[in-house]
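Given next are the chains, with one letter for each unit.
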Amino acid sequence: MGSSMTRFIFTFLNGITLAGLYFLVASGLTLIFGLMRVINLAHGAFYLLGAYVSWTVADKTDNWILGAVASALTLAIIGTLLYIVFLRRFQYEELRVSLITLGIALVFAQAMLAIFGGEYYQTNIPEPLSFSVPIPGVGLSYPFFRIFVLLLAIVVGIALWIFIAMTRYGAIIRAGVDDTPMVSALGINVQAVFTSIFFLGSLLVGFAGAVGGTTNSFGMGTDGDFLLFSLQVVIIGGLGSIGGVAIGSFLVGVIGQFAVGYYPTFAGIITFAMLILVLAFRPQGILGKKL
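Reference entry: report on the structure contained in this document. All values derive from a computational prediction rather than experimental measurement. (Residues numbered from 1 in each chain as written. Predicted model: local features only at pLDDT ≥ 70, side-chain atom pairs only at ≥ 80, totals over all residues. Heavy atoms only, no water.)

Along the protein, the regular secondary structure elements total 11 helices and two strands. Starting at the N terminus, the α and β elements of the protein follow one another as α-α-α-α-β-β-α-α-α-α-α-α-α. In terms of overall size, the protein behaves like a compact globule, its C-alpha atoms giving a radius of gyration of 19 Å where 291 residues would be expected to give roughly 19 Å. Each principal axis of the C-alpha atoms in the protein carries an extent, and together these give about 65 × 45 × 35 Å. Taken over 291 residues, the protein has a buried fraction of 48%. Within the protein, contacts between residues separated by at least 24 positions form 76% of all contacts whose residues are at least 6 apart in sequence. (Helix = DSSP H or I, 4+ residues; strand = E, 2+ residues; numbered from the N terminus. Rg over C-alpha atoms; globule rule 2.2 N^0.38 Å. Buried < 20%, exposed > 50% of the residue type's maximum accessible area, 1.4 Å probe, protein only. Contact = heavy atoms within 4.5 Å.)

Below, the discussion takes up the nonpolar core. Ranked by size, the top nonpolar core spans 70 residues in total, and within it L21, F46, F108, M112 and F198 carry the most contacts. In terms of residues, this core owes the most to one element, helix α1 (residues 3-35), which gives 12 residues. If near-sequence neighbours (up to four positions away) are discounted, L21 is found in contact with Y47, V149, A208, V211, G212, T215, N216 and F226. (Core = buried A, V, L, I, M, F, W, Y, C linked by side-chain atoms within 4.5 Å.)

The next point concerns the packing of helix α2 (residues 43-61) against helix α8 (residues 190-215). Where α2 meets α8, the closest approach of the two axes is 7 Å, and the angle between their N-to-C directions is 55°. By the angle class used here, α2 and α8 are oblique. In the packing of α2 onto α8, the handedness of the crossing is right-handed. Along the contact surface, α2 presents H43, F46, Y47, G50, A51 and S54, while α8 presents F198, S202, V205, G206, A208, G209, A210, G212 and G213. Partitioning the contact of α2 with α8 into residue classes produces seven nonpolar, eight polar and no charged. (Axes fitted to C-alpha atoms, helices over the stretch in contact; angles between N-to-C directions. Parallel < 35°, antiparallel > 145°, perpendicular 65-115°, else oblique. Left-handed = near helix turned anticlockwise from the far one by under 90°. Nonpolar A, V, L, I, M, F, W, Y, C, P; charged D, E, K, R; others polar.)

Let's shift gears to a nonpolar patch on the surface. Side chains of M5, F8, F12, F250, Y262, Y263, F266 and I269 sit close together on the surface and give an oily, nonpolar patch of about 780 Å² of accessible area. In terms of residue count, α1 provides more of the nonpolar patch than any other element does, three residues in total. Along the chain, the position of F250 falls in helix α10 (residues 242-262). (Patch = residues over 30% accessible without salt bridge, like charges linked within 9 Å, V, L, I, M, F, W, Y side chains within 5 Å. Areas by Shrake-Rupley, 256 points an atom, 1.4 Å probe, with all protein chains shown as cover. Salt bridge = Lys/Arg side-chain N within 4 Å of Asp/Glu carboxyl O.)

Take the pattern of salt bridges next. This structure, assessed with the given rule, holds one salt bridge. E93 is the partner of R96 in a salt bridge, and the nearest nitrogen-oxygen pair spans 3.4 Å. Since its relative accessible area comes to 40%, R96 is described here as partly exposed. The partly exposed category is assigned to E93, whose relative accessible area is 36%.

The residue N216 is located in the loop between α8 and α9 (222-237) in this model. When sequence neighbours within four positions are dropped, the list of residues in contact with N216 reads L18, L21, Y121, Q122 and R146. Among the polar contacts listed, one links the side chain of N216 to the side chain of T215, at a separation of 3.2 Å. (Polar contact = N/O pair within 3.5 Å; in protein donor to acceptor, adjacent residues only side chain to side chain.)

For helix α11 (residues 267-281), built from 15 residues, the straight-helix expectation of 21 Å at 1.5 Å per residue is met to within 8% by its first-to-last C-alpha distance of 22 Å. Within the span of α11, buried status applies to A267, T271, M274, L275 and V278. All buried residues of α11 fall inside an arc of 95° around its axis, so they share one side. Of the exposed residues in α11, those oriented more than 90 degrees away from the buried face are I269, I276, L277, A280 and F281. (Expected span 1.5 Å × (residues − 1). Arc of directions from axis to C-beta.)

Time to look at the side chain of Q232. With respect to the element layout, Q232 can be found in helix α9. When neighbours within four sequence positions are excluded, Q232 is seen to be in contact with V252, T271, F272 and L275.

It is worth spelling out α9 at this point. For α9, with 16 residues, the first-to-last C-alpha span of 22 Å sits near the 22 Å given by 1.5 Å per residue. All of the buried residues along α9 are T222, D223, F226, L227, S230, Q232, V233, V234, I236 and G237. Those residues of α9 hidden inside the fold are in contact with α1, α2, α4 (94-116), α10 and α11. Where α9 terminates, the next one or two residues include G238, which has phi positive at roughly 120°.

Let us look at the pairing of strand β1 (residues 132-135). Taken together, the four bridges between β1 and strand β2 (residues 140-143) define a ladder with antiparallel strand orientation. Across the sheet, residue S132 finds its bridge partner in β2, namely P143. The antiparallel hairpin formed by β1 and β2 contains four residues in its connecting segment, where G137 sits at a positive phi of about 85°. (Pairing = 2+ DSSP bridges.)

A word on the environment of S202. With respect to the element layout, S202 can be found in helix α8. According to the relative accessible area criterion, S202 is buried, its value standing at 0%. Through-space distance from the C-alpha of S202 to that of S3 is 42 Å; in sequence the pair is 199 residues apart. Here S202 is in contact with I32, F46, A72, L75, A76, G79 and T80, once residues within four sequence places are set aside.

Spelled out as C-alpha coordinates, the structure:
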(Lines give C-alpha, C1' and ligand atoms only; values in the text may rest on other atoms or scores of the structure.)
Protein backbone atom coordinates (compact mmCIF):
# COMPACT_ATOMS: atom_id res chain seq x y z
CA MET A 1 0.00 0.00 0.00
CA GLY A 2 1.32 3.45 -0.92
CA SER A 3 2.66 5.90 1.61
CA SER A 4 -0.17 8.36 0.86
CA MET A 5 -2.83 5.77 1.77
CA THR A 6 -0.90 4.77 4.91
CA ARG A 7 -0.73 8.43 5.90
CA PHE A 8 -4.47 8.82 5.27
CA ILE A 9 -5.32 5.78 7.44
CA PHE A 10 -3.10 6.91 10.31
CA THR A 11 -4.49 10.46 10.15
CA PHE A 12 -8.04 9.11 10.24
CA LEU A 13 -7.25 6.79 13.18
CA ASN A 14 -5.60 9.67 15.05
CA GLY A 15 -8.63 11.83 14.33
CA ILE A 16 -11.29 9.33 15.42
CA THR A 17 -9.42 8.34 18.60
CA LEU A 18 -8.84 12.01 19.43
CA ALA A 19 -12.58 12.50 18.85
CA GLY A 20 -13.15 9.88 21.56
CA LEU A 21 -11.09 11.95 24.00
CA TYR A 22 -12.91 15.15 22.99
CA PHE A 23 -16.21 13.38 23.63
CA LEU A 24 -15.13 12.34 27.14
CA VAL A 25 -14.08 15.92 27.94
CA ALA A 26 -17.07 17.63 26.29
CA SER A 27 -19.70 15.23 27.68
CA GLY A 28 -19.17 16.77 31.12
CA LEU A 29 -19.52 20.25 29.66
CA THR A 30 -22.69 19.41 27.73
CA LEU A 31 -24.34 18.30 30.99
CA ILE A 32 -23.36 21.50 32.80
CA PHE A 33 -23.59 24.01 29.94
CA GLY A 34 -26.13 22.27 27.72
CA LEU A 35 -28.63 21.12 30.34
CA MET A 36 -28.15 23.65 33.16
CA ARG A 37 -27.12 26.63 31.00
CA VAL A 38 -24.15 27.19 33.35
CA ILE A 39 -21.26 28.53 31.27
CA ASN A 40 -18.37 26.84 33.09
CA LEU A 41 -15.20 28.51 31.79
CA ALA A 42 -13.21 26.53 34.39
CA HIS A 43 -13.89 23.28 32.47
CA GLY A 44 -10.42 23.26 30.89
CA ALA A 45 -8.82 23.87 34.30
CA PHE A 46 -10.85 20.93 35.67
CA TYR A 47 -9.45 18.74 32.87
CA LEU A 48 -5.86 19.79 33.58
CA LEU A 49 -6.27 19.33 37.35
CA GLY A 50 -7.69 15.86 36.68
CA ALA A 51 -4.62 15.02 34.60
CA TYR A 52 -2.28 16.21 37.37
CA VAL A 53 -4.16 14.27 40.09
CA SER A 54 -4.18 11.12 37.98
CA TRP A 55 -0.47 11.44 37.15
CA THR A 56 0.43 12.02 40.83
CA VAL A 57 -1.53 9.03 42.15
CA ALA A 58 -0.50 6.69 39.31
CA ASP A 59 3.16 7.71 39.74
CA LYS A 60 3.09 7.03 43.49
CA THR A 61 1.07 3.78 43.39
CA ASP A 62 1.98 2.47 39.91
CA ASN A 63 -1.76 1.86 39.43
CA TRP A 64 -3.43 3.65 36.50
CA ILE A 65 -6.99 2.72 37.54
CA LEU A 66 -6.44 4.13 41.03
CA GLY A 67 -5.18 7.36 39.46
CA ALA A 68 -8.24 7.60 37.19
CA VAL A 69 -10.67 6.95 40.08
CA ALA A 70 -8.87 9.49 42.29
CA SER A 71 -8.98 12.07 39.49
CA ALA A 72 -12.69 11.54 38.78
CA LEU A 73 -13.73 11.69 42.46
CA THR A 74 -11.47 14.64 43.30
CA LEU A 75 -12.89 16.76 40.48
CA ALA A 76 -16.45 15.65 41.25
CA ILE A 77 -16.07 16.87 44.84
CA ILE A 78 -14.26 20.10 43.90
CA GLY A 79 -16.72 20.89 41.11
CA THR A 80 -19.76 20.26 43.32
CA LEU A 81 -18.38 22.42 46.14
CA LEU A 82 -17.61 25.27 43.73
CA TYR A 83 -21.14 25.04 42.32
CA ILE A 84 -22.78 25.10 45.77
CA VAL A 85 -20.60 27.90 47.17
CA PHE A 86 -20.14 30.20 44.16
CA LEU A 87 -22.55 29.39 41.33
CA ARG A 88 -25.88 28.07 42.57
CA ARG A 89 -27.36 31.39 43.69
CA PHE A 90 -26.35 33.05 40.38
CA GLN A 91 -27.19 30.13 38.10
CA TYR A 92 -29.45 32.14 35.77
CA GLU A 93 -27.10 35.14 35.53
CA GLU A 94 -24.94 34.02 32.60
CA LEU A 95 -22.45 36.91 32.63
CA ARG A 96 -21.80 36.68 36.38
CA VAL A 97 -21.38 32.88 36.21
CA SER A 98 -18.98 33.25 33.26
CA LEU A 99 -16.84 35.76 35.15
CA ILE A 100 -16.84 33.68 38.35
CA THR A 101 -15.78 30.51 36.51
CA LEU A 102 -13.15 32.46 34.56
CA GLY A 103 -11.76 33.68 37.88
CA ILE A 104 -11.76 30.12 39.23
CA ALA A 105 -9.92 28.94 36.10
CA LEU A 106 -7.22 31.62 36.55
CA VAL A 107 -6.78 30.77 40.25
CA PHE A 108 -6.50 27.06 39.43
CA ALA A 109 -4.00 27.76 36.63
CA GLN A 110 -1.71 29.77 38.93
CA ALA A 111 -1.99 27.19 41.71
CA MET A 112 -1.11 24.33 39.34
CA LEU A 113 1.84 26.34 37.96
CA ALA A 114 3.10 26.92 41.52
CA ILE A 115 2.75 23.24 42.48
CA PHE A 116 3.81 21.41 39.29
CA GLY A 117 5.96 23.98 37.53
CA GLY A 118 6.00 24.77 33.83
CA GLU A 119 7.22 21.40 32.48
CA TYR A 120 4.98 18.91 30.71
CA TYR A 121 3.94 15.51 32.08
CA GLN A 122 2.41 12.34 30.69
CA THR A 123 0.94 9.42 32.63
CA ASN A 124 2.32 5.98 31.75
CA ILE A 125 -0.02 3.69 29.80
CA PRO A 126 -1.12 0.75 32.01
CA GLU A 127 0.95 -2.35 31.23
CA PRO A 128 -1.96 -4.59 30.03
CA LEU A 129 -2.96 -1.93 27.46
CA SER A 130 0.51 -0.87 26.28
CA PHE A 131 0.64 -2.86 23.05
CA SER A 132 -0.04 -2.16 19.40
CA VAL A 133 -2.68 -3.62 17.09
CA PRO A 134 -1.74 -4.57 13.50
CA ILE A 135 -3.64 -2.66 10.82
CA PRO A 136 -4.73 -5.10 8.07
CA GLY A 137 -3.30 -4.38 4.63
CA VAL A 138 -0.89 -1.68 5.81
CA GLY A 139 1.83 -3.73 7.45
CA LEU A 140 1.97 -1.32 10.40
CA SER A 141 0.43 -1.23 13.86
CA TYR A 142 -1.48 1.30 15.98
CA PRO A 143 -1.35 1.83 19.79
CA PHE A 144 -4.20 -0.07 21.43
CA PHE A 145 -4.64 2.49 24.23
CA ARG A 146 -5.85 5.09 21.73
CA ILE A 147 -8.44 2.59 20.45
CA PHE A 148 -9.34 1.89 24.09
CA VAL A 149 -10.09 5.62 24.55
CA LEU A 150 -12.52 5.46 21.61
CA LEU A 151 -14.24 2.39 23.11
CA LEU A 152 -14.51 4.17 26.48
CA ALA A 153 -16.13 7.17 24.77
CA ILE A 154 -18.69 4.93 23.07
CA VAL A 155 -19.59 3.20 26.36
CA VAL A 156 -19.86 6.53 28.23
CA GLY A 157 -21.94 8.02 25.39
CA ILE A 158 -24.44 5.15 25.38
CA ALA A 159 -24.69 5.21 29.20
CA LEU A 160 -25.32 8.98 29.25
CA TRP A 161 -27.92 8.76 26.49
CA ILE A 162 -29.80 6.01 28.35
CA PHE A 163 -29.56 8.01 31.61
CA ILE A 164 -30.87 11.28 30.14
CA ALA A 165 -33.37 9.97 27.58
CA MET A 166 -34.71 6.73 29.12
CA THR A 167 -34.74 7.08 32.92
CA ARG A 168 -37.16 8.85 35.27
CA TYR A 169 -34.30 10.90 36.77
CA GLY A 170 -33.29 11.99 33.27
CA ALA A 171 -36.87 13.11 32.62
CA ILE A 172 -36.80 15.14 35.86
CA ILE A 173 -33.52 16.77 34.76
CA ARG A 174 -34.96 17.76 31.37
CA ALA A 175 -38.19 19.03 32.93
CA GLY A 176 -36.28 20.94 35.62
CA VAL A 177 -34.24 22.76 32.99
CA ASP A 178 -37.28 23.63 30.84
CA ASP A 179 -39.61 24.68 33.67
CA THR A 180 -37.96 24.93 37.09
CA PRO A 181 -40.97 26.47 38.96
CA MET A 182 -43.38 23.77 37.75
CA VAL A 183 -41.04 20.91 38.74
CA SER A 184 -40.46 22.55 42.13
CA ALA A 185 -44.25 22.84 42.59
CA LEU A 186 -44.47 19.05 42.15
CA GLY A 187 -42.34 18.63 45.28
CA ILE A 188 -39.07 17.78 43.51
CA ASN A 189 -35.88 19.38 44.88
CA VAL A 190 -34.61 20.91 41.64
CA GLN A 191 -31.48 22.32 43.30
CA ALA A 192 -30.49 18.82 44.42
CA VAL A 193 -31.03 17.61 40.84
CA PHE A 194 -28.85 20.42 39.43
CA THR A 195 -26.15 19.71 42.03
CA SER A 196 -26.10 16.06 40.95
CA ILE A 197 -25.68 17.13 37.30
CA PHE A 198 -22.69 19.30 38.24
CA PHE A 199 -21.27 16.37 40.23
CA LEU A 200 -21.61 14.05 37.23
CA GLY A 201 -20.21 16.61 34.77
CA SER A 202 -17.19 17.27 37.00
CA LEU A 203 -16.69 13.51 37.53
CA LEU A 204 -16.59 12.99 33.75
CA VAL A 205 -14.06 15.75 33.12
CA GLY A 206 -11.87 14.42 35.95
CA PHE A 207 -11.93 10.97 34.35
CA ALA A 208 -11.25 12.54 30.94
CA GLY A 209 -8.20 14.27 32.44
CA ALA A 210 -6.82 10.88 33.51
CA VAL A 211 -7.41 9.40 30.04
CA GLY A 212 -6.17 12.44 28.12
CA GLY A 213 -3.11 12.79 30.32
CA THR A 214 -2.15 9.25 29.27
CA THR A 215 -2.59 9.71 25.50
CA ASN A 216 -1.15 13.25 25.34
CA SER A 217 1.36 15.25 27.36
CA PHE A 218 -0.12 18.05 29.47
CA GLY A 219 1.04 21.20 31.22
CA MET A 220 0.34 24.91 31.42
CA GLY A 221 -1.81 25.97 28.46
CA THR A 222 -3.49 22.58 28.12
CA ASP A 223 -6.47 23.91 30.10
CA GLY A 224 -7.14 26.67 27.54
CA ASP A 225 -6.79 24.27 24.61
CA PHE A 226 -9.28 21.76 25.98
CA LEU A 227 -11.75 24.46 27.02
CA LEU A 228 -11.76 25.67 23.40
CA PHE A 229 -12.07 22.12 22.01
CA SER A 230 -14.97 21.39 24.40
CA LEU A 231 -16.82 24.59 23.52
CA GLN A 232 -16.35 23.88 19.80
CA VAL A 233 -17.71 20.34 20.19
CA VAL A 234 -20.73 21.36 22.31
CA ILE A 235 -21.68 24.36 20.15
CA ILE A 236 -21.28 22.49 16.85
CA GLY A 237 -23.14 19.41 18.11
CA GLY A 238 -25.92 21.22 19.96
CA LEU A 239 -26.43 22.14 23.61
CA GLY A 240 -27.58 19.28 25.82
CA SER A 241 -27.51 16.65 23.06
CA ILE A 242 -25.32 13.58 23.65
CA GLY A 243 -25.65 12.61 19.97
CA GLY A 244 -24.70 16.15 19.04
CA VAL A 245 -21.57 15.95 21.20
CA ALA A 246 -20.64 12.69 19.42
CA ILE A 247 -21.04 14.36 16.00
CA GLY A 248 -19.22 17.51 17.14
CA SER A 249 -16.35 15.44 18.58
CA PHE A 250 -16.05 13.46 15.35
CA LEU A 251 -15.98 16.60 13.19
CA VAL A 252 -13.54 18.53 15.38
CA GLY A 253 -11.27 15.51 15.95
CA VAL A 254 -11.15 14.12 12.41
CA ILE A 255 -11.19 17.40 10.47
CA GLY A 256 -8.69 18.90 12.91
CA GLN A 257 -6.27 15.98 12.45
CA PHE A 258 -6.55 16.07 8.65
CA ALA A 259 -5.93 19.81 8.78
CA VAL A 260 -2.83 19.29 10.96
CA GLY A 261 -1.60 16.44 8.73
CA TYR A 262 -2.21 18.02 5.33
CA TYR A 263 -2.61 21.80 5.85
CA PRO A 264 -0.77 22.57 9.13
CA THR A 265 -0.62 26.32 8.44
CA PHE A 266 -4.43 26.51 8.34
CA ALA A 267 -5.18 23.88 11.02
CA GLY A 268 -6.47 26.35 13.62
CA ILE A 269 -8.44 28.31 11.04
CA ILE A 270 -10.33 25.30 9.63
CA THR A 271 -11.94 24.11 12.87
CA PHE A 272 -12.89 27.67 13.89
CA ALA A 273 -14.32 28.31 10.42
CA MET A 274 -16.52 25.23 10.94
CA LEU A 275 -17.68 26.68 14.28
CA ILE A 276 -18.48 30.06 12.67
CA LEU A 277 -20.48 28.41 9.88
CA VAL A 278 -22.57 26.42 12.37
CA LEU A 279 -23.23 29.52 14.49
CA ALA A 280 -24.18 31.53 11.38
CA PHE A 281 -26.53 29.02 9.75
CA ARG A 282 -27.66 26.73 12.58
CA PRO A 283 -27.03 28.52 15.90
CA GLN A 284 -28.65 25.75 17.98
CA GLY A 285 -26.05 23.25 16.68
CA ILE A 286 -26.47 20.20 14.49
CA LEU A 287 -28.74 18.27 16.89
CA GLY A 288 -29.61 21.01 19.36
CA LYS A 289 -33.12 22.30 20.06
CA LYS A 290 -34.08 25.66 18.57
CA LEU A 291 -32.94 28.42 20.89
